[in-house]
Amino acid sequence: MNTFQHVPVLLPEAVAWMAPAPGRRLVDGTTGGGGHSEALLERGATVLSLDRDGDALAAAGTRLAPFGARSILRRSDYREFPQRLQELGWDGIDGLLLDVGVSSWQIDAPGRGFSFQQDGPLDMRMDDRAGLTAAVVVNEWPEGELAQAFFRYGEEPRARRIAAAIVQRRDRQPLRTTAELAALVEEVSPRRGRLHPATKVFQALRMVVNDELGALEAALEAAPGWLRPGGRLVVISFHSLEDRLVKRFLRRCSSAELDRPEWPAPRPNPDHSLRLLTRRPVVPGEQELAGNPRARSARLRAAERLAGPGARPVGGGDELNQPSTDGEREDPER
Ligand SMILES: C[S@@+](CC[C@H](N)C(=O)[O-])C[C@H]1O[C@@H](n2cnc3c(N)ncnc32)[C@H](O)[C@@H]1O
């Protein structure tokens, strides 16, 4: 295992929105190197830290050991956080943090197969117990499904051409390594500009192999049922599809009423359970980007659980320190 390195993204902002304090029970669904968990623990909260990557969790365990019983670690997909809470006998939480995607450490570890910069097996699994690897997708999926995945998750304009080239190649010999795949993509789609031509294909494969959108959607849907009134949902995403999912979910759950042109009057929204805390996504400032260019596409959105139907018993009730909105910027995509 290489030395675990991951600079936590939007750290002060995420911590402020999570409102950690003694007596508050928080879940960090994407522990990675443990940077966010550590900051929450330093402010006195009790934190359940989850990750489906066993190596990441082991490294985080060492880092978080000084916090003793307030730090609880479990190897788990974050979509299963309700089961982990039930096992602990927790009937509600005061915050859920999701910093989705892969860590720098995962990308930089050649043996994990996430990177086209270094040769490694076509793996890309965050959880090495899972059955689906990038090699299986690339060598076994029908051409149409490959093209669809590259287009949908990678927004790759040459998706069809790349899928056809992969099928042609694998009929002769299966693709085994990240370097083989990157070279093949580069043949079909020559380099233009800054991005390596295989960037989007690798991103798409990673999202498929780990069902990243499926996990995010499931956790979002479960969150209001487990957050106590005043509890926070904070999501940092890096991909426009993920951010769109979060934005739509938060909009759906934070509107008091629903309206349609064919209705004579607006109707109460049965999903109304959250108050939106970030009207626009919070993005890294220039100082953070100067120190950590990988943070450039990060977007943070946050919401707070309202009291009301489906809410669990009231928790901590502590002072909430709100971050200023200085970090908020107009999002050019919106
Ligand atoms: C961007 S990193 C998080 C970094 C972390 N916040 C820190 O401060 O170091 C994302 C982490 O989430 C984990 N992860 C991604 N999807 C997951 C899922 N569905 N369930 C559990 N862990 C997941 C990855 O294995 C990775 O370690």
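Everything that follows concerns the structure shown earlier in this document.
These numbers were taken from a predicted model, which means no experiment stands behind them.

A. Examining the environment of Leu 276 more closely. Considering the arrangement of structural elements, one finds Leu 276 in strand E8 (residues 274-276). Taking C-alpha positions, Leu 276 is 6.1 Å from Ser 254, a pair spaced 22 residues apart along the chain. Leave out the neighbours within four places in its chain, and Leu 276 touches Leu 250, Ser 254, Ala 302 and Ala 303.

B. The pairing of strand E5 (residues 227-237), seen in detail. Of all 11 residues that make up E5, nine are buried, and the element is covered over most of its length. Pairing analysis gives six bridges linking strand E4 (residues 93-99) to E5, with the strands arranged parallel. In the sheet register, Ile 93 faces E5, and the bridge partner there is Leu 227. The pairing of E5 with strand E9 (residues 299-305) spans six bridges and is antiparallel. Bridging from a neighbouring strand, Arg 232 pairs with Glu 304 of E9.

C. Main features of the environment of Arg 279. If you trace the backbone, Arg 279 turns up in the loop between E8 and helix H13 (286-291). Sequence separation between Arg 279 and Val 209 is 70 residues, and the spatial gap between their C-alpha atoms is 32 Å.

D. Here's a closer look at the packing of aromatic side chains. Going through the model one piece at a time under the given rule, you end up with one aromatic pair. Where Phe 116 meets Phe 202, the ring centres are 5.2 Å apart and the plane angle is 85 degrees; that geometry is what we call edge-to-face. Within this pair, whereas Phe 116 is found in the loop between helix H5 (104-108) and helix H6 (134-140), its partner Phe 202 is found in helix H10 (residues 199-209), the two being separated by 86 residues in sequence. Comparing Phe 116 with Phe 202 shows no difference in burial state: the two are buried. Looking at Arg 267, its charged tip hangs above the ring of Trp 263, at a distance of 3.9 Å from the centre.

Cut-off values and rules
Residues numbered from 1 in each chain as written. Predicted model: local features only at pLDDT ≥ 70, side-chain atom pairs only at ≥ 80, totals over all residues. Heavy atoms only, no water. Helix = DSSP H or I, 4+ residues; strand = E, 2+ residues; numbered from the N terminus. Contact = heavy atoms within 4.5 Å. Buried < 20%, exposed > 50% of the residue type's maximum accessible area, 1.4 Å probe, protein only. Pairing = 2+ DSSP bridges. Phe/Tyr/Trp six-rings, centres within 6.5 Å; stacked < 30°, edge-to-face > 60°. Lys NZ or Arg CZ within 6 Å of the ring centre and 35° of its normal.

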